[in-house]
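Breakdown of the fold
So you can see what is in the structure, the chains are spelled out below.
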Amino acid sequence: MNKSYFLPIVFLLLWDCSGRQLADPVFKQDGKVAINGYDPVAYFKESKPKEGDPKFSFRWKGADWRFSSEKNLESFKKSPESFAPQYGGYCAYAMRDGETYETDPKAWKIVSGKLYLNYNEKVHGFWERDIPGNIVKADNQWKVLPLIQTNP
């Protein structure tokens, strides 16, 4: 393929008409590991954030997910959507404005069986002032957020 045609094609593929930047479907601070290496299943089964172990890893939605035990890994494999945080693990409070901010795995809450993470404890406090309203706004923003297509 002629290089002069290649560059404009790449540009068009990455350009979003809304002016919003393309987002990775899963927050990976290091570019590889989801939610800072924390075990998403532990939030549900142990009611607390727990660091995952690299020996219990699973690749899903272009990210490496870590778990604190083989049992949690197997639970996630059976139903990742049941345990993965909402909005790809990006800050739930920022997502209400369509923004993709990193999260602190210790700033979390399960609402109606879904895991939500926030930027930090202070932002988590703002989010908790109107959880239902913030979720509705964030859900609407997540639906229209331009995401990069990844391989499972």
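Residues numbered from 1 in each chain as written. Predicted model: local features only at pLDDT ≥ 70, side-chain atom pairs only at ≥ 80, totals over all residues. Heavy atoms only, no water.

The chain has the name YHS domain protein in an unreviewed UniProt entry, where Leptospira haakeii is given as its organism.

Here we come to the packing of helix H6 (residues 121-128) against helix H7 (residues 131-144). In the contact formed by H6 and H7, the axes pass within 7 Å of each other and the chain directions differ by 100°. When the axes of H6 and H7 are compared, the pair comes out roughly perpendicular. Contacts from Phe126, Trp127 and Glu128 in H6 reach Ile131, Asn134 and Ile135 in H7. Of the residues in the contact of H6 with H7, the class split is four nonpolar, one polar and one charged. (Axes fitted to C-alpha atoms, helices over the stretch in contact; angles between N-to-C directions. Helix = DSSP H or I, 4+ residues; strand = E, 2+ residues; numbered from the N terminus. Parallel < 35°, antiparallel > 145°, perpendicular 65-115°, else oblique. Contact = heavy atoms within 4.5 Å. Nonpolar A, V, L, I, M, F, W, Y, C, P; charged D, E, K, R; others polar.)

Time to look at the pairing of strand E1 (residues 53-60). When E1 meets strand E2 (residues 63-67), the two strands line up antiparallel, connected through five bridges. Residue pairing across strands places phenylalanine 58 opposite tryptophan 65, the latter belonging to E2. Connecting E1 to the antiparallel partner E2 that follows it, the hairpin turn spans two residues, and lysine 61 within it adopts a positive phi of roughly 55°. (Pairing = 2+ DSSP bridges.)

Along the chain, the position of proline 146 falls in the segment after H7. Between the C-alpha atoms of proline 146 and leucine 22, which are 124 residues apart in sequence, the distance is 5.1 Å.

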